[in-house]
Amino acid sequence: MEFRRITSLPPYVFTIIDSLKVEARRAGEDVIDLGFGNPDLPSPDIAVDKLTEAAHNARNHRYSASRGIPKLREAIAGYYLRRFGVEIDPDTEVINTIGAKEGFSHLMWTLLQPGDAALVPSPSYPIHIYGPLFAGADIREVPLGTDTDFFDNLSEAWEYSWPKPRVIVMSFPHNPTTTCVDLEFMQRIVDFARERDVVIVHDNAYADLGFDGYRPPSILQAEGAKEVAVELYSMTKSFSMAGWRVAFMLGRPDVIAALAKLKSYLDYGTFQPIQIAATVTLNEAYDFPREVNQIYQARRDTLCNGLNRIGWELTPPKGTMFTWAPIPEPYREMGSVEFASFLVREAHVAVSPGVGFGPGGDGHVRFALIENEQRTLQAVRNLRRVLTKLG
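A brief look at the structure comes next. As the structure is a prediction and not an experimental result, all values here were calculated from the model. (Residues numbered from 1 in each chain as written. Predicted model: local features only at pLDDT ≥ 70, side-chain atom pairs only at ≥ 80, totals over all residues. Heavy atoms only, no water.)

Turning our attention to the sheet that holds strand E7 (residues 229-234). Taken in spatial order, the seven strands make up an open sheet running E2-E8-E7-E6-E5-E3-E4, and their pairing is mixed. The two strands at the open ends of the sheet, each matched to only one other strand, are strand E2 (94-97) and strand E4 (138-143). Between one strand and the next, the sheet's axes are offset by a mean angle of 20°, whatever the strand orientation. Examined bridge by bridge, strand E5 (residues 167-170) and strand E6 (residues 199-203) share four bridges and lie parallel to one another. By the bridge assignment, Val-169 is partnered in E6 with Val-201. Here helix H5 (residues 100-111) sits on the sheet in contact with E2, E5, E6, E7 and strand E8 (247-251), set at roughly 170° to E6. (Pairing = 2+ DSSP bridges. Helix = DSSP H or I, 4+ residues; strand = E, 2+ residues; numbered from the N terminus. Axes fitted to C-alpha atoms, helices over the stretch in contact; angles between N-to-C directions. Contact = heavy atoms within 4.5 Å.)

Okay, the side chain of Ser-122 next. By secondary structure assignment, the location of Ser-122 is in strand E3 (residues 117-122). When its relative accessible area of 11% is taken as the criterion, Ser-122 is described as buried. Of the polar contacts made by the side chain of Ser-122, one reaches the side chain of Glu-141; its length is 3.5 Å. Excluding anything up to four places from it in sequence, Ser-122 contacts Glu-141, Val-142, Pro-143, Leu-144 and Gly-360. (Buried < 20%, exposed > 50% of the residue type's maximum accessible area, 1.4 Å probe, protein only. Polar contact = N/O pair within 3.5 Å; in protein donor to acceptor, adjacent residues only side chain to side chain.)

It is worth spelling out the sheet that holds strand E12 (residues 364-368) at this point. Spatially, E9-E12-E11 is the arrangement adopted by the three strands of the open sheet, whose pairing is antiparallel. Looking at strand neighbours, the two that pair on one side only are strand E9 (322-326) and strand E11 (352-353), the edges of this open sheet. The sheet contact formed by E11 and E12 spans two bridges and is antiparallel. Its bridge partner lying in E12, Pro-353 is registered against Val-365.

With the rule as written, the count across this model stands at 20 salt bridges. With a shortest N-O distance of 2.9 Å, Arg-300 and Asp-212 are connected by a salt bridge. With Arg-300 in helix H12 (residues 288-309) and Asp-212 in the loop between E6 and E7, this residue pair connects regions lying 88 residues apart in the sequence. Taking relative accessible area as the criterion, Arg-300 reaches 3% and is therefore assigned buried. Residue Asp-212 is classed as exposed on the basis of its relative accessible area of 55%. We note a salt bridge from Asp-287 to Arg-290, for which the minimum N-O separation is 2.6 Å. Within this structure, Asp-18, Lys-21 and Asp-33 form a network of salt bridges that share partners. (Salt bridge = Lys/Arg side-chain N within 4 Å of Asp/Glu carboxyl O.)

Turning to the nonpolar core, a few remarks are in order. Residues Tyr-80, Met-170, Tyr-233, Phe-248, Trp-312, Phe-367 and Leu-383 are the most contacted members of the largest nonpolar core, which totals 97 residues. For this core, the element with the most residues is helix H4 (residues 70-84), which contributes seven residues. Every residue in contact with Phe-248, bar those within four places of it in the chain, is listed here: Leu-72, Ile-76, Val-94, Ile-95, Asn-96, Thr-97, Glu-231, Leu-232, Tyr-233, Met-235 and Leu-282. Judged by nonpolar contacts, the second largest core, of 26 residues, contains Ile-127, Ala-135, Val-169 and Val-201. (Core = buried A, V, L, I, M, F, W, Y, C linked by side-chain atoms within 4.5 Å.)

So, about the environment of Glu-291. With respect to the element layout, Glu-291 can be found in helix H12. Separated by 72 residues in the primary sequence, Glu-291 and Ile-219 place their C-alpha atoms 24 Å from one another.

Okay, here's the thing in structure tokens:
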């Protein structure tokens with residue numbers, strides 16, 4: 001049987017590193033995993049306590065609401081007002097999704113079909129590339145990085161594309177490149193989209209992970225944004241609730257309504273005790289994202305300072321829970337998969353090969369800040385022992 005929707009998918013290169021990691025651990029090696037961006041910090045106590053309490057109530061064992069229970073939608077609206085100064089109508093401008101990947105993928109089904117096109121950054125988080133492709137649409141890759149102007153590249157890609165793209169996919173702070181933008185940039189993108197009748201989908205996964213005083217903006221802060229934009233907000237990083245799968249789509253009402261209609265055919269919403277726990281967490285755990293941010297900034301400093309000391313030069317990121325590191329010149333010809341494989345085998349440090357985020361990432365590897373400072377320092381020592389060409 002031909003599985004037509006997935007036949008064209010390339011091999012998932014991250015599995016190569018995972019296999020090497022498993023092999024090394026079976027051989028008794030201590031592999032420090034800085035590859036998969038899986039938050040290691042525990043969820044807030046209040047979330048766990050409320051989940052336990054709500055799960056003991058049999059009324060919460062029934063089907064829930066696909067859009068999310070009203071109090072949860074009110075809670076995320078309250079968060080956006082406190083955090084960004086943006087007013088959100090909980091009835092028409094927000095929907096709960098079962099994680100950001102689910103929300104993004106199904107949104108692509110509502111916005112795109114075969115013959116359509118989307119503008120997507122390159123490199124990019126894999127679902128941002130494959131979500132439009134799963135919907136049967138084409139993508140136009142827009143180069144993104146510290147040495148290129150994304151807005152100019154986006155404008156050029158629009159002008160030279162046919163058919164004209166219906167969707168612009170963005171995510172700032174950006175995974176994997178850690179590129180950050182300001183509210184002025186968001187306004188330029190919104191103005192661009194309003195002039196061309198295109199929908200912006202902004203994945204704000206790292207909304208609360210900004211370092212050295214930087215505070216990531218929401219695209220919904222831009223004037224006129226709700227006419228053209230929707231934004232994904234996830235509790236995965238800010239509240240360290242990765243496995244809970246709680247996220248939201250906010251913004252342009254007709255797009256929200258379209259996603260709600262599709263989801264009504266596909267699911268009955270997240271398990272209601274999880275929604276109740278998420279509601280209480282958003283309303284009461286005000287300081288948790290700030291505490292999480294401080295931990296990730298300390299880990300960033302430990303990793304980046306350590307790598308710079310051993311001759312692997314890189315600029316510390318201003319946001320996200322990652323570091324996007326150019327492969328050092330003496331090892332660049334290896335490419336990201338071979339270099340990452342070398343680091344697992346010889347240094348017992350796992351990182352993500354940049355090519356896994358698209359061809360534009362092949363000269364880099366991505367470090368995830370998911371180990372404590374002591375383990376991170378050990379990883380740096382292991383790398384110093386192995387990367388002898390750094391001098």
